[in-house]
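The chain contents come next:
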Amino acid sequence: MEEDHIERAPADENMAISPTILPWDKFSNWLHCACVVTFDLELGQAMELIYPGHIKLTEKEKMNICYLSFPDSNSGCMGNTQFHFRIRQCPGRKPIVRSHHQYNRDCPVSLQSENAYYYGFVYFRQTKDRTIRRGYFQKSLVLVSKLPFVALFNQVVSIIAPEYFDNGEPSLEAACHDIDQWPTPIPGDTLNLPMMGSVLQVKIPCRPTVSDKISSVRSASKNGSQSLHTIPAHTILPSLFEVDIYSSFQSILPHIQLLWELVLIGEPIAVMAASPTVTSNTVQALVNLIAPLKYCSDFRPYFTIHDSEFKEYTTKVQAPPPIILGVTNPFFAKTLQHWPHIIRIGEMNGGASSPKPLNKLKKASSLKTLDSKPGVYTRYKSYLAKDKTILKRLLKGVQIKRPVEAQNAILRRHFLELTQSFMIPLERYIASLMPLQRNISPHKGPPRLRPFDPDEFLKTIEHSGPQLTPVAKGDWEGLYRRFFRSPNFEGWYHEKQREANQKLQALHMEALCCANLQDWIVGKEEVEIVDLILRIREKLSFAAAHQIVVGKESLLKLQNHMDGIVSSLPEDLQSVLKT
């Protein structure tokens, strides 16, 4: 196994100006590496270059990147083609990017950096070239990152790749050095990012619960990143991560609410299209449909028969896993025939997408031949009634030639409201499971969140559930019960437990800080007093390690309490506790 590479990165902006920062430390905050993949007559797709040179990839990771960096041969992609993919990182190789810990704490959960996966952002060029034996120039530039910044990195690779293809490796080196000057991606910050003579302006999204805290920290902070704000921005990106969901689903708009349900409950979905550009945008659009809820299953915007997980995901021995696959090879029409939900966008032979919306659902079993028509193939029956209002509004937009950006914004707002209508009762119920603050005692351990009871929750929605809103009508209870069995619920509940228990830890710390511990130790045995000191120390260490927010004055008061308790003990015990 190749030696693990530990990436260094500043945990905060104060560290960013430290003289101990090494070359490529800031680069690793954004990208893992850049790769150049070429076509070799003897080897097929081959890794020509990894930059920076010290970055290590396993042979399996290199193989997956190579195969996923070229469109399938049947796609017939001439000229320039852009798309993105997502692969598993090999186990045992977990690079540590310290700045991502802070980023993950404050960013929306759906945009967190994932330690187990890499994203690859591809710019593929295929042109006729008589000087090459095969007759074609075929090469891809790939940016590899752990951050799901699809819009940003698609823009960045579209700037770097043409320069690289025209001028070679010095252009790539210059671009990577530009990225190595970028400030740390801190949620809530607006950043100007220099890139090969131009400047991209981006806003790093943050959680609503931490936006006020971040604003106050930023206003008090003066560091190197602020100097970059003086550079005028040539391009302002409206989003780091969003794709155009309206264009992605234009040919299947009548079924988009059904697709929202399938993604919400974590059903296996295959997206078939002629090009990886279409599949990657469509898969990403599906995942984005349930925002701000995080899609917690695996998804592959572009997937090939050479992928190392091909057998795992296409086996007929067991039910398909909860995953969304984007495929272009016609072979998958047969391989994934047993999958319960298949979306076909355009013709697999490279024909254009159908501009006419397809109203009729097709049975999943009818997808048996390579010439199957575009549409949605499924036997799934929706829990909710189709919302015809949004479809009429979008259709009117087509008639009056409303801009695609406006259509996309309307559709995105609709599904944001639908997801929020579904999630708000769950958020309200989770809040009711929190122990009362008056029951938090400094002399006992911190309380825990009460367990989630599905039946108890469903009783609460009878009088305050989404069925009372004008968003959609239908069997909301059935949809909730199905959601409770999905990876998305498990992921959401795990995060809520973590947030709640962290808040309880903070409240317990505050109670401990405000308690009169000197009075409590009167009449107590030495062993009880030592136990209290050790528990307070453990609590302070836990608070520091998990960045639990407790006032500085409270922590100082607690430290003084502890020092006073230690000084009241016999000298031999004091010396033991002070070592």
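Residues numbered from 1 in each chain as written. Predicted model: local features only at pLDDT ≥ 70, side-chain atom pairs only at ≥ 80, totals over all residues. Heavy atoms only, no water.

- Where an unreviewed UniProt entry is consulted, the chain appears under the name UDENN domain-containing protein, with the organism given as Patella caerulea.
- In the Sequence similarities (unreviewed entry) part of its UniProt record, the chain is described as follows: "Belongs to the DENND6 family." (UniProt positions renumbered as here; feature names shortened; annotations may be inferred.)

Some thoughts on the pattern of salt bridges
Okay, step 1: Evaluation of the coordinates by the stated rule reveals 20 salt bridges.
Okay, step 2: Notably, a salt bridge pairs Arg481 with Glu477, separated by 3.4 Å at the nearest N-O pair. In this pair, Arg481 and Glu477 are both assigned in helix H16 (residues 476-483), four residues apart and thus about one turn of the helix distant.
Okay, step 3: When salt bridges with common partners are traced through the structure, they connect Arg86, Arg88, Glu114, Asp298, Arg300, Asp307, Glu309 and Glu312 into a single cluster. (Salt bridge = Lys/Arg side-chain N within 4 Å of Asp/Glu carboxyl O. Helix = DSSP H or I, 4+ residues; strand = E, 2+ residues; numbered from the N terminus.)

Considering empty space enclosed by the protein
Over the atoms, a rolling probe the size of a water molecule traces out where space has been left empty.
Okay, step 1: Scanning the entire structure with this criterion turns up two cavities of 30 Å³ or more.
Okay, step 2: Approximately 50 Å³ is the volume attributed to the largest cavity.
Okay, step 3: Around the largest cavity, the lining residues are Leu253, Pro254, Ile256, Gln257, Lys386, Asp387, Ile390, Leu391, His414 and Phe415.
Okay, step 4: Among the elements of the structure, helix H9 (256-264), helix H13 (388-399) and helix H14 (404-432) are those that each provide at least two residues to the lining of the largest cavity.
Okay, step 5: Taken together, the residues of the lining of the largest cavity sort by class into six nonpolar, two polar and two charged. (1 Å grid on protein atoms, 1.4 Å probe; cavity = no way out; pocket = protein on both sides within 12 Å on 5 of 7 lines; lining within 4 Å. Points joined across faces, edges and corners; volume = space filled by probe spheres on them. Nonpolar A, V, L, I, M, F, W, Y, C, P; charged D, E, K, R; others polar.)

Overview of the environment of Arg402
Okay, step 1: Mapped onto the elements of the fold, Arg402 is located in the loop between H13 and H14.
Okay, step 2: Note on Arg402: relative accessible area 22%, which makes it partly exposed.
Okay, step 3: Other than its neighbours up to four places away in sequence, Arg402 contacts Arg393, Gly397, Gln407 and Ile410.
Okay, step 4: Within the local environment of Arg402, its side chain forms a polar contact with the backbone oxygen of Arg393, the two atoms lying 3.2 Å apart. (Buried < 20%, exposed > 50% of the residue type's maximum accessible area, 1.4 Å probe, protein only. Contact = heavy atoms within 4.5 Å. Polar contact = N/O pair within 3.5 Å; in protein donor to acceptor, adjacent residues only side chain to side chain.)

Let's talk about a negative patch on the surface
Okay, step 1: Together, Glu525, Glu526, Glu528, Glu571 and Asp572 line one region of the surface with negative charge.
Okay, step 2: Within the residue set of the negative patch, elements represented by two or more residues are helix H19 (526-545) and helix H21 (571-578).
Okay, step 3: Classification of Glu525 by relative accessible area gives exposed; the value is 54%. (Patch = residues over 30% accessible without salt bridge, like charges linked within 9 Å, V, L, I, M, F, W, Y side chains within 5 Å. Areas by Shrake-Rupley, 256 points an atom, 1.4 Å probe, with all protein chains shown as cover. Lys, Arg positive; Asp, Glu negative; His and termini not counted. Charge placed at Lys NZ, Arg CZ, Asp CG, Glu CD.)

Section: the pairing of strand E13 (residues 375-378)
Okay, step 1: Alternating residues of E13 divide into Gly375 and Tyr377 and Val376 and Thr378, and every residue in both groups is buried.
Okay, step 2: Where strand E12 (residues 341-344) meets E13, four bridges bridge the pair, whose relative direction is antiparallel. Across the sheet, Arg344 pairs through a bridge with Gly375, a residue of E13. (Pairing = 2+ DSSP bridges.)

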